[in-house]
Amino acid sequence: MSIGAVPPRYRISIDRDQCMLCERCVESCPYGVFRSSDGRILIDSRRCTACHRCIAMCPRDAIDLKERPVDYRSHPLWTREIRESIYTQARSGKIILAGMGNALPYPVIFDRLVLDACQVTNPSIDPLREPMELRTYVGKKPSRLEIRKDEKGDVELLTKLSPNLMLETPIMIAHMSYGAISRNAQLSLARAAKEMGTYMGTGEGGLHHALYPYQDRMIVQVASGRFGVDIDYLERGAAIEIKIGQGAKPGLGGHLPGEKVDEDVSSTRMIPVGTDALSPFPHHDIYSIEDLKQLVRSLKEATEWKKPVFVKIAAVHNTAAIAAGIARSSADAVVIDGFRGGTGAAPKVARDHVGIPIEAAIASADAKLREQGIRNEVSLIASGGIRESADVAKAIILGADAVYIGTAALVALGCRVCGNCYRGLCPWGIATQREDLVSRLDPETGSKQAANLIQAWTHELSELMGAAGINSIESLRGNRDRLRGYMLDEGLMKVLDVKTVGA
Amino acid sequence: MCGIIGVIDRGRKEMDGSLIRRALSLMKERGSGEGAGYAVYGCYPEFKDCYALHVFFDDIHVTKGALDETLRRWGEIVHDEEIPTRDQPNLRRVHTPWRYFFRPDPKMMSWSTSPEDDIVTNLVMSVNTEKKGALIFSSGKNMGVFKASGWPEDVADFYRIQDYNGYLWLGHNRYPTNTPGWWGGAHPFNLLGWSVVHNGEITSYGTNQRYIQSFGYHCTMFTDTEVVAYLFDLLVRKHQLPEDLAMKALAPPFWDEIDRMEEKERELDTAIRLTYGPALMNGPFAIVVARPDMMLGITDRIKLRPLVAGENGKKLYISSEEAAIRRMDPEVGKVSMPRAGYPVIGRVES
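Residues numbered from 1 in each chain as written. Chains lettered and ligands numbered in written order. Predicted model: local features only at pLDDT ≥ 70, side-chain atom pairs only at ≥ 80, totals over all residues. Heavy atoms only, no water.

**So, the packing of aromatic side chains**
Residue and element names in this part refer to chain B.
- For the structure on display, the rule yields 14 aromatic pairs over all chains.
- Measuring from centroid to centroid gives 4.8 Å for Y44 and F101, while their planes differ by 85°, and the two rings are edge-to-face. A residue pair is termed long-range when its members are at least 10 positions apart, and Y44 in the loop between β3 (36-41) and β4 (51-57) and F101 in strand β6 (residues 96-104) qualify at 57 residues.
- One aromatic cluster is present, built from ring pairs that chain together F56, F137, F146, F158, Y159, Y164 and W183.
- A cation sits over an aromatic face here: R12 above Y167, 4.3 Å from the ring centre.
- When the ring centre of W151 is taken as origin, the NZ or CZ atom of K28, which lies over that ring, is 5.4 Å away. (Phe/Tyr/Trp six-rings, centres within 6.5 Å; stacked < 30°, edge-to-face > 60°. Helix = DSSP H or I, 4+ residues; strand = E, 2+ residues; numbered from the N terminus. Lys NZ or Arg CZ within 6 Å of the ring centre and 35° of its normal.)

Encoded structure:
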């Protein structure tokens with residue numbers, strides 16, 4: 001014990017005057033912070049994750065939580081996180097695992113971009129009184145239409161359209177696997193997707209039979225572990241997504257800790273109970289872009305060219321060129337996942353240091369595709385760090401057709417972003433498979449909350465568009481003129497193709 | 001805010017410029033004296049096979065030599081001269097307007113299916129992008145654009161517009177708000193046979209402009225109207241869409257309407273919206289577009305700008321105001337207000 005204990009991260013205290021010893025906190029906390037003994041609630045603050053379950057459940061608001069009650073001597077370089085990582089690794093000799101998205105305080109580009117609105121010279125459009133179109137088609141589009149007009153003036157369309165997904169709002173729910181999240185969490189999100197006329201991803205965990213009723217709203221994922229993939233799975237999905245990489249850990253494979261692999265997860269993923277589900281870093285049949293093309297086409301062939309195939313990559317330095325390559329592979333959509341994208345479990349070093357922000361990645365990919373004259377032929381989906389409707393609007397202006405939301409959707413289910421998803425003890429019933437915890441999340445309520453969030457953002461998006469004098473989402477897409485950079489540096493504004501405020 | 005007017009005689013009977021001058025001057029409230037212009041089709045019968053290139057030179061002694069040389073490299077200058085003008089007290093002469101009658105050498109672009117049009121388009125794009133003190137603002141055959149910063153009647157008198165004759169005229173009176181009033185920014189905008197006058201502000205400009213640029217067009221005039229001319233050229237000339245379908249790309253029916261259509265029509269309209277989504281023009285606009293064989297007027301999908309049509313015999317008028325039409329033709333009948341997003345088209349009889 002030469003290192004000794006590090007200071008507790010949080011301190012929980014109970015206002016004993018308020019406490020009525022109902023023990024709901026004891027029941028609520030799967031981490032074991034509370035214990036009841038001799039008519040008194042005992043507290044072990046060191047176990048606390050700040051998940052807030054006890055605070056949310058306490059009928060008397062008697063519980064108080066303080067972050068960093070005891071801190072280190074402050075130092076700009078040797079931060080608390082750095083020091084504690086060293087202690088942990090000095091003890092274990094291992095890679096540190098972490099949950100949720102990038103936790104370093106990089107500047108948020110979205111927050112340095114401001115939207116435009118109409119004044120005088122063009123009227124804004126009131127979405128309560130005029131039609132406002134957010135309908136979005138995700139998939140391949142022809143570069144031009146071939147049309148034949150006969151002598152009677154009848155028009156015949158010669159171009160055949162590829163299958164597209166029709167979204168009533170450009171907000172989709174991201175891929176979060178069964179295993180990483182619970183069945184009730186997936187059910188909640190799937191119902192919400194169906195209700196809102198949008199889609200959700202299965203993640204790389206297969207499709208549990210409880211989700212079959214929503215399969216026409218599910219995008220089934222094929223990742224490097226190929227968990228749960230068979231022809232039945234492919235045929236059930238509305239679309240197929242090949243996952244090459246993920247924003248939270250670009251270049252790395254998936255990691256589902258064995259603790260979360262119960263009977264049901266095991267059968268859905270087609271792996272043994274209790275084993276870690278480690279998907280490999282690369283797909284073992286994809287070592288270059290032409291291999292990806294073969295996989296895209298094989299999946300299409302297997303499903304008779306009836307389903308769009310997406311390819312998801314993590315946002316990295318060369319994303320634009322990679323996206324252009326994918327666009328030419330018969331893929332229908334390119335998903336780009338920024339470095340703030342969340343995850344159930346990732347090595348902390350990758351989560352915090354690898355990849356680039358979605359704002360820059362989507363803007364450069366959009367520009368590259370335009371440069372090559374193929375932008376409208378393929379859809380671009382932005383994901384990773386979309387927190388509110390303004391982010392959706394900004395992502396679309398920077399070139400996205402639609403966005404995926406992951407963390408935000410979980411927060412709508414109650415998640416407090418405590419970042420302990422990899423431990424399998426999620427007190428909100430989201431990132432856990434423990435039956436008693438899972439049952440805390442009622443899919444009925446959960447779906448309503450997730451649908452409410454998407455509905456609210458959709459309304460806000462309509463208002464932002466109306467204020468900008470735009471009544472159709474396609475006129476927002478890539479419309480960089482309606483965005484200005486506020487205190488952004490010149491190099492970045494060039495990448496984003498936006499002017500500064502005042503210009 | 002701007003005033004627009006267009007007239008076509010479908011029997012190709014010629015009109016001189018004095019009538020449209022009167023009509024446009026009536027809509028004074030719609031302008032601010034910072035830009036006006038006219039387009040006339042059929043005005044150069046003696047050079048009808050040549051591209052009439054109208055150019056603004058900044059300093060003719062410095063800039064003209066280079067343009068002459070460029071044009072000679074790509075074809076033959078059949079004739080060139082200064083466009084006759086007469087100074088007006090209220091109009092400041094900023095540029096020297098010049099015209100070339102130019103015959104491109106198709107061998108210079110033998111791989112193209114329309115080498116002459118492509119050579120001229122490329123010349124317009126490259127000259128205007130380089131910004132070396134020369135701006136080609138009109139490039140069609142047997143037609144010409146005449147424009148400047150000023151009130152409609154001053155611009156008309158400056159160019160002596162009443163001395164030109166044509167079967168199709170466009171006029172525009174400008175109240176600039178989003179870009180400065182300058183000669184190049186006055187309407188009509190033109191590329192090859194296409195001319196556009198526009199009232200409004202296209203809120204989707206950033207999307208439209210980036211879309212059109214990925215097909216090799218360059219927007220050089222700092223105004224949203226230019227993009228309309230290029231979109232027409234792309235959809236109708238290059239993609240060969242019938243004009244009414246090209247219009248549907250720019251101002252498509254709402255999805256609600258499309259959902260209610262018969263299957264065949266629904267498929268077509270869906271395909272248009274999917275394929276040409278980035279060409280959709282949003283925000284308030286009323287435009288009149290002309291080509292040697294037709295004139296067409298259309299507004300945005302919720303008609304945030306006025307547009308009136310009138311007919312008298314073979315003449316079709318389209319304007320921001322009925323009064324302007326009546327000023328040109330007191331006998332006009334069949335005055336109507338076109339539905340939002342639906343085009344009014346007048347074609348020359350063959």
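**Notes on the domain arrangement of chain A**
Residues and elements named next belong to chain A.
- Entries for chain A in the domain assignment read domain 1 (10-94) and domain 2 (167-464).
- Each of domain 1 and domain 2 has a C-alpha centre, and the two are 32 Å apart.
- Around 1000 Å² of area is buried between domain 1 and domain 2 when both sides are counted, 54% of it from carbon and sulfur atoms.
- The largest contributions to the domain 1 side of the interface with domain 2 come from P30, Y31 and R53, which together make up 52% of the buried area.
- Counting the contacts that link domain 1 with domain 2 gives 0 salt bridges.
- In this assembly, domain 1 and domain 2 are joined by 4 residue pairs in polar contact (both at pLDDT 80 or more).
- At the level of elements, α1 (24-28), α2 (53-57) and α3 (80-92) are the ones that each hand at least two residues to the side of domain 1 that touches domain 2.
- Tallied by class, the residues present in the side of domain 1 that touches domain 2 amount to 5 nonpolar, 4 polar and 3 charged. (Domains from an automatic or database assignment. Buried area = accessible area lost by both parts, 1.4 Å probe. Salt bridge = Lys/Arg side-chain N within 4 Å of Asp/Glu carboxyl O. Polar contact = N/O pair within 3.5 Å; in protein donor to acceptor, adjacent residues only side chain to side chain. Nonpolar A, V, L, I, M, F, W, Y, C, P; charged D, E, K, R; others polar.)

**Looking at the sheet that holds strand β22 (residues 483-485) of chain A**
All names here are of chain A.
- Read across the sheet, 3 strands follow the order β6-β22-β23 without closing on themselves; strand pairing throughout is mixed. With partners counted over all chains shown, the strands left at the sheet margins are β6 (113-115) and β23 (499-500), one partner each.
- Relative to β23, β22 runs parallel, the two being bridged by 2 bridges. Bridge pairing links G485 to T500 in β23.
- Here helix α11 (residues 389-397) sits on the sheet in contact with β6 and β22, set at roughly 95° to β6. (Pairing = 2+ DSSP bridges. Contact = heavy atoms within 4.5 Å. Axes fitted to C-alpha atoms, helices over the stretch in contact; angles between N-to-C directions.)

**A closer look at the interface of chain A and chain B**
- Each side of the interface is counted separately: chain A has 39 residues, and chain B has 40 residues.
- Buried surface at the junction of chain A and chain B, summed over both partners, amounts to about 3500 Å²; 55% is from carbon and sulfur atoms.
- Taken as a group, E133(A), L145(A) and E474(A) account for 16% of the area that chain A buries against chain B, more than any other trio of residues on that side.
- Summed over the shared surface of chain A and chain B, the result is 7 salt bridges.
- Its salt-bridge partner being R273(B), residue E474(A) comes within 3.0 Å of it at the nearest N-O pair.
- Every element with two or more residues in the side of chain A that touches chain B is listed here: β8 (147-149) and β9 (155-157) of chain A.
- Here the residues of the side of chain A that touches chain B sort into 14 nonpolar, 12 polar and 13 charged.

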